[in-house]
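Listed here are the chains, written in short residue letters.
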Amino acid sequence: MNTPSSILSAIPRRLHTQPDHPLTITRQLIESRFPGYKTHNELFPIVSVSQNFDSLGFPPDHIGRSRTDTYYLNRDTVLRTHTSAHQADTFRANESEGYLISADVYRRDAIDRSHYPVFHQMEGARTWDRRAAEQQGKTLAQVIWDDVAQIPKHDIDVEDPNPTFDAARNPLQEGHSPEETEAIAAHLKRSLEDVVVTIFNAAKQASDAGSPPGPHPADADNNEPLKVRWVEAYFPFTTPSWELEVFWQGDWLEVLGSGVVQQSILNNAGVSNRVGWAFGLGLERIAMLLYSIPDIRLFWSTDSRFLSQFSADSPIRRFAPFSKYPACFKDVSFWLKSSSSAAGGATPLPRISPFTMAAGGVAPGQGFHENDVMEVAREVCGDVVEDVRLTDEFVHPKTGRKSLCYRVNYRSLERTLTNDETNELHEKFRQQLVDRLGVELR
Ligand code: DAH
């Protein structure tokens, strides 16, 4: 058990189903592009290790399984780290050809303005029945291409330089013909391009429609036509796999992961005659750019100055940040236990996006992990910590002991913190680092 009560208390919030919440509106906007897909918005976040990892083909030593990255309730039970945890069950239930699952997911991670230990994902999948195609006297590929023709057309610029599959980099599955895979990939890509066009046109309209006073990240030049690109990717549960990136305010932004569902998942779910694709995306990331929301903690706010700005019935408007309260930086330096310096000390956090858990990650260090510092900060300080950053690292030349310095940025979204208050929090934080991680303060 490594799950603090502060995390468990997020379970009943279900932000993605709260009326007029920006995550709900974002979810509904995406759902509107998948007519006929069955939506699941109430799936419970406590799942088995087998649902979250084994059923999806995660190898036993995958970084995602480690206690530094995942909240365990016991050896066999976790808070789901992604909505893919429900893929196998949803395929087994076989209630619809297409489905969308939106849900809260939980990961031990960095603290900064775009990472929060609880966030929301949407999973989507579409499968076809091979036998049904044959009964119609068509090939599976023909049936899928007929469906591709039903997807709304767009006129954006799509870069997709790689072949649909590649034996070395992005292999075709055994038992899937090249024609079938081409058709599935086309349906997946057209469907998701349509989603992206919808979202980014809405975001563009929102940011064109008047700026609230004060500097704003969305003030960058916004007149460029929308550009997207498909990038080869790897996930244990799909092949071939791709990520979709969008050129947004000067950078390529990763929006989703996707691919052709591993046939073993469908076979194990008792639907071996079905073939298809799946995708997963992070709802906060999309909502943040739709509304220009500058800090992920805001989604959890119950302040009416936040909540009253969103409405499912009116067009999407930029969020007008209420005044920014002052930040207060405080440093903490400590020596690691000598045993953990031998293991390499701090394992730097991979700055990976919310949906690339499957692709990123570093080997867990023994003894000490930066995520443990993050967790202590979150538990002691709650949402008044805006970010925590490693600012210095030093190995003593004689003893070989390692010292780290972290800078904590204290800032409330809702009020000005007093000096006494931050000092007290910081002192508690320092003490908890000693008590829980066994470090020695400098
Ligand atoms: N579950 C993945 C993650 O959180 C995202 C994802 C990638 C979902 C590819 C999918 C998929 O269904 O096909 O990292």
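Residues numbered from 1 in each chain as written. Predicted model: local features only at pLDDT ≥ 70, side-chain atom pairs only at ≥ 80, totals over all residues. Heavy atoms only, no water.

**Digging into the overall build of the protein**
Thought 1: Helices and strands together make up the secondary structure of the protein, namely 13 helices and 15 strands.
Thought 2: Taken over the C-alpha trace, the protein has a radius of gyration of 23 Å; the compact-globule value for 442 residues is 22 Å, and the two agree within 12%.
Thought 3: Taken across its 442 residues, the protein has 55% of its residues classed as buried.
Thought 4: The contacts of the protein with a sequence gap of at least 6 include a subset with a gap of at least 24, amounting to 70%.
Thought 5: Summed over all atoms, the accessible surface of the protein reaches about 18900 Å², with 49% contributed by carbon and sulfur.
Thought 6: Taking the 46 positively charged and 59 negatively charged side chains of the protein as two groups, their mean positions are separated by 4 Å. (Helix = DSSP H or I, 4+ residues; strand = E, 2+ residues; numbered from the N terminus. Rg over C-alpha atoms; globule rule 2.2 N^0.38 Å. Buried < 20%, exposed > 50% of the residue type's maximum accessible area, 1.4 Å probe, protein only. Contact = heavy atoms within 4.5 Å. Areas by Shrake-Rupley, 256 points an atom, 1.4 Å probe, with all protein chains shown as cover. Lys, Arg positive; Asp, Glu negative; His and termini not counted. Charge placed at Lys NZ, Arg CZ, Asp CG, Glu CD.)

**Some words on empty space enclosed by the protein**
Thought 1: Per the counting criterion, the structure on display carries 3 cavities of 30 Å³ or more.
Thought 2: The computed volume of the second largest cavity comes to approximately 80 Å³.
Thought 3: Together, 13 residues line the second largest cavity, and Thr90, Asn94, Glu95, Ser96 and Tyr99 are the ones closest to its centre.
Thought 4: Listing elements by their share of the lining of the second largest cavity, those giving two or more residues are α4 (87-93) and β6 (118-129). (1 Å grid on protein atoms, 1.4 Å probe; cavity = no way out; pocket = protein on both sides within 12 Å on 5 of 7 lines; lining within 4 Å. Points joined across faces, edges and corners; volume = space filled by probe spheres on them.)

**Section: unusual backbone geometry**
Thought 1: Cis peptide bonds are those with omega within 30 degrees of zero, and the linkage from threonine 239 to proline 240 qualifies with -10 degrees.
Thought 2: Structurally, the position occupied by proline 240 is in strand β9 (residues 238-248).
Thought 3: Positive phi is not limited to glycine here, since arginine 14 has a value of about 45 degrees.
Thought 4: Within the secondary structure, arginine 14 sits in the loop between α1 (5-8) and α2 (22-31).
Thought 5: Of the residues examined, arginine 14 reaches a relative accessible area of 35% and is grouped as partly exposed.

**Some details on the side chain of histidine 86**
Thought 1: Within the secondary structure layout, histidine 86 lies in the loop between β4 (77-79) and α4.
Thought 2: Within the structure, the side chain of histidine 86 is placed 2.8 Å from the side chain of arginine 80, a separation counted as a polar contact.
Thought 3: Excluding its chain neighbours within four sequence positions, the residues that come into contact with histidine 86 are Leu43, Phe44, Val47, Arg80 and Ile101. (Polar contact = N/O pair within 3.5 Å; in protein donor to acceptor, adjacent residues only side chain to side chain.)

**Considerations on the nonpolar core**
Thought 1: Counting 71 residues, the largest nonpolar core has Ile30, Phe34, Phe200, Phe279, Ile293 and Phe299 as the members making the most contacts within it.
Thought 2: With 14 residues, helix α7 (residues 178-208) is the single largest residue contributor to this core.
Thought 3: Among the nonpolar cores identified, the runner-up in size contains 25 residues, and Leu336, Phe368, Val376 and Cys381 belong to it. (Core = buried A, V, L, I, M, F, W, Y, C linked by side-chain atoms within 4.5 Å.)

**Digging into the side chain of threonine 198**
Thought 1: Within the secondary structure layout, threonine 198 lies in helix α7.
Thought 2: Relative accessible area serves as the criterion here: at 19%, threonine 198 is assigned to the buried category.
Thought 3: Leaving out residues up to four positions away in the same chain, threonine 198 has contacts with Leu29 and Arg33.

**Quick notes on the sheet that holds β9**
Thought 1: Taken together, 8 strands build an open sheet; the order of strands is β1-β5-β6-β11-β10-β9-β8-β7 and the sheet is mixed. Two strands in the sheet have a free side with no partner beyond their single neighbour: β1 (38-40) and β7 (157-159). If you compare each strand with its neighbour and ignore which way they point, the axes differ by 25 degrees on average.
Thought 2: As paired elements, β1 and strand β5 (residues 98-106) share 3 bridges and run parallel to each other. Bridging from a neighbouring strand, histidine 40 pairs with isoleucine 101 of β5.
Thought 3: Those strands touched by α2 are β1, β5, β6 and β11 (274-282), and its axis lies near 15 degrees from that of β6. (Pairing = 2+ DSSP bridges. Axes fitted to C-alpha atoms, helices over the stretch in contact; angles between N-to-C directions.)

**Section: the packing of aromatic side chains**
Thought 1: Using the criterion set out here, one finds 19 aromatic pairs in the structure.
Thought 2: Consider the rings of phenylalanine 306 and phenylalanine 319, whose centres lie 5.5 Å apart with planes at 65 degrees: the pair is edge-to-face. In this pair, phenylalanine 306 sits in helix α10 (residues 304-307) while phenylalanine 319 sits in the loop between α10 and β12 (328-335), placing the two residues 13 residues apart along the sequence.
Thought 3: On the accessibility criterion, phenylalanine 319 (1% relative accessible area) is buried.
Thought 4: Relative to phenylalanine 319, the ring of phenylalanine 310 lies with its centre 6.2 Å away and its plane at 15 degrees, an arrangement referred to as stacked.
Thought 5: A residue is classified by how much of its surface remains accessible, and phenylalanine 310, at 4% relative accessible area, is buried.
Thought 6: Ring-pair connections join several aromatic residues into one group, and the members of that group are Tyr291, Phe306, Phe310, Phe319 and Phe322.
Thought 7: The lysine or arginine in question, arginine 67, covers the ring of tyrosine 72, its NZ or CZ lying 4.6 Å from the ring centre.
Thought 8: The ring of phenylalanine 322 carries the charged tip of arginine 305 above its face, separated from the ring centre by 4.4 Å. (Phe/Tyr/Trp six-rings, centres within 6.5 Å; stacked < 30°, edge-to-face > 60°. Lys NZ or Arg CZ within 6 Å of the ring centre and 35° of its normal.)

**Brief notes about the sheet that holds strand β3 (residues 72-74)**
Thought 1: Read across the sheet, 3 strands follow the order β2-β4-β3 without closing on themselves; strand pairing throughout is antiparallel. Looking at strand neighbours, the two that pair on one side only are β2 (46-48) and β3, the edges of this open sheet. Here the strands of the sheet are splayed against their neighbours by 35 degrees on average, with no regard to which way each runs.
Thought 2: As defined by bridge partners, β2 adjoins β4 across 3 bridges and the pair is classed as antiparallel. The residue bridging serine 48 from the neighbouring strand is threonine 77, located in β4.

**Considering the state of the cysteines**
Each disulfide consists of one covalent bond between the sulfur atoms belonging to two cysteines.
Thought 1: By the definition in use, this model includes 0 disulfides.
Thought 2: Cysteine 381 supplies the cysteine sulfur nearest to cysteine 328, a cysteine that is in no disulfide, at a spacing of 11 Å.
Thought 3: Take cysteine 328: its relative accessible area is 19%, and that puts it in the buried class.
Thought 4: Classification of cysteine 381 as buried rests on a relative accessible area of 7%. (Disulfide = S-S within 2.5 Å.)

**Examining the packing of α2 against helix α9 (residues 283-291)**
Thought 1: Interhelical geometry of α2 versus α9 gives an angle of 100 degrees and a closest axis separation of 9 Å. The angle between the axes of α2 and α9 places the two elements in the roughly perpendicular class. On the side of α2, the interface is formed by Pro22, Leu23, Ile25, Thr26, Arg27, Leu29 and Ile30, while α9 contributes Leu283, Glu284, Ile286, Ala287, Leu290 and Tyr291.
Thought 2: A breakdown of the residues in the contact of α2 with α9 according to their chemical character gives 10 nonpolar, 1 polar and 2 charged. (Parallel < 35°, antiparallel > 145°, perpendicular 65-115°, else oblique. Nonpolar A, V, L, I, M, F, W, Y, C, P; charged D, E, K, R; others polar.)

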